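# Understanding the architecture of this molecule
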Amino acid sequence: MKIAVTYEDGMVFQHFGHTQQFKIYDVENGVIQREQVVDTQGSGHGALAGFLTEYGVDTLLCGGIGGGAQNALASAGIQLYGGISGDADGAVQAFLAGTLVYNPDVHCDHHDHEHGEGHSCGGHSGHGEGHSCGGNHDCHGDKSC
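Residues numbered from 1 in each chain as written. Predicted model: local features only at pLDDT ≥ 70, side-chain atom pairs only at ≥ 80, totals over all residues. Heavy atoms only, no water.

## Some words on the overall build of the protein chain
For clarity, the cut-off: The helix count covers DSSP runs of H or I at least four residues long, the strand count covers runs of E at least two residues long, and both are numbered beginning at the N terminus. Each residue gets one of three labels from its accessible area relative to the maximum for its type: buried under 20%, exposed over 50%, partly exposed in between, using a 1.4 Å probe on protein chains only. Contacts were defined at the residue level, with two residues in contact if any of their heavy atoms lie within 4.5 Å. The protein chains shown are the only cover counted for residues, whose accessible areas, like all others here, come from Shrake-Rupley with a 1.4 Å probe.
Secondary structure assignment for the protein chain yields three helices and six strands. Ordering the α and β elements of the protein chain from the N terminus gives β-β-β-β-α-β-α-β-α. Counting only residues that meet the buried cut, the protein chain has 45% of its 145 residues in that class. Within the protein chain, contacts between residues separated by at least 24 positions form 47% of all contacts whose residues are at least 6 apart in sequence. On the protein chain, roughly 7,100 Å² of surface is accessible, and the fraction owed to carbon and sulfur atoms is 43%.

## Remarks on the nonpolar core
Our working definition: Residues belong to one nonpolar core when they are buried, are Ala, Val, Leu, Ile, Met, Phe, Trp, Tyr or Cys, and are joined through side-chain atoms within 4.5 Å.
If you look at the biggest cluster of nonpolar residues, it comprises 17 residues, and the most contacted ones within it are Ala-4, Phe-16, Phe-22, Leu-52, Leu-60, Ile-65 and Leu-73. Per-element accounting of this core gives the leading share, four residues, to helix H1 (residues 47-54). Dropping the residues within four chain positions of it, Ala-4 is found in contact with Phe-22, Lys-23, Ile-24, Leu-52, Val-57, Thr-59, Leu-60 and Leu-61.

## Description of the pattern of salt bridges
Any two side chains of opposite charge can pair if their charged atoms end up close together. This is how it is decided: The working definition used for a salt bridge is a side-chain nitrogen of Lys or Arg within 4 Å of a carboxyl oxygen of Asp or Glu.
Summed over the entire model, instances satisfying the criterion amount to four salt bridges. For the salt bridge of Lys-23 with Glu-35, the shortest nitrogen-to-oxygen distance reads 3.1 Å. With Lys-23 in strand S3 (residues 21-28) and Glu-35 in strand S4 (residues 31-39), this residue pair connects regions lying 12 residues apart in the sequence. The exposure class of Glu-35 is partly exposed, given its relative accessible area of 42%.

## A few points about the pairing of S4
Heads up, the rule is: Only strands that DSSP links by at least two bridges are regarded as paired with each other.
Note that S3 and S4 share eight bridges and pair antiparallel. Its bridge partner being in S4, Glu-28 is matched across the sheet by Val-31. In this antiparallel pair of consecutive strands, S3 and S4, the connection spans two residues, and Asn-29 shows a positive phi of 50°.

## A closer look at the environment of Tyr-55
With respect to the helices and strands, the residue Tyr-55 is situated in the loop between H1 and strand S5 (59-61). Tyr-55 gets classed as partly exposed once you look at its relative accessible area, which sits at 29%. Distance from Tyr-55 to Val-38, taken between C-alpha atoms, is 9.6 Å for residues 17 residues apart in sequence. Each residue touching Tyr-55, except ones within four places of it in the same chain, is listed here: Lys-2, Ile-24, Gln-36 and Val-38.

## A short note on the pairing of strand S1 (residues 2-8)
Residues in a regular strand point their side chains to alternate faces of the sheet. Across the seven residues of S1, five count as buried, placing the element largely inside the fold. Bridge count for S1 against S3 is five bridges, and the pairing is antiparallel. Considered in S3, the bridge of Thr-6 is made with Phe-22. Alignment of S1 against strand S2 (residues 11-12), held across two bridges, turns out to be antiparallel.

## Let's talk about the packing of aromatic side chains
The condition is simple: We call Phe, Tyr and Trp rings a pair once their centres come within 6.5 Å, taking the six-membered ring for Trp, and we label the pair stacked below 30 degrees between planes, edge-to-face above 60, and tilted otherwise.
If you walk through the whole model with that rule in mind, you get five aromatic pairs. Consider the rings of Phe-51 and Tyr-55, whose centres lie 5.1 Å apart with planes at 45°: the pair is tilted. Aromatic pair Tyr-81 and Tyr-102: ring centres 4.8 Å apart, planes at 80°, arrangement edge-to-face. A residue pair is termed long-range when its members are at least 10 positions apart, and Tyr-81 in strand S6 (residues 79-81) and Tyr-102 in the segment after helix H3 (88-97) qualify at 21 residues. Exposure remark for Tyr-81: the relative accessible area of 15% places this residue in the buried category. Ring pairing ties together the aromatic residues Phe-16, Phe-22, Phe-51 and Tyr-55, which thus form one cluster.

As structure tokens, this is what we get:
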């Protein structure tokens, strides 16, 4: 099994289509055998499903993700666990232990809404009134957005 996590500074990056790195874990018999951080080299949104396929990934853990990317991952046979936030290594350990908290209905389309009010597309309440996006959204670290 190969698990990829959208990755930034040790944490689960919150916007799949803008991730610049994945951390990929090779797992055998429930034990991590190898870990590597790979740069997406500018690939974005739909191209990222192909990028993950090239690395042999069969499972993705991420924060927010749009419908088009979800469809591309499904077509590639990659199992999606979205709406996750926090430490990337911890998320993989929780996944392997069967205790990962995720959102099976995660959907985040940052192109069709104004930033803020009533926005919900990730794993935890966050950084603005009525705004939940599993973390940084595409504020790129600005938690005041």
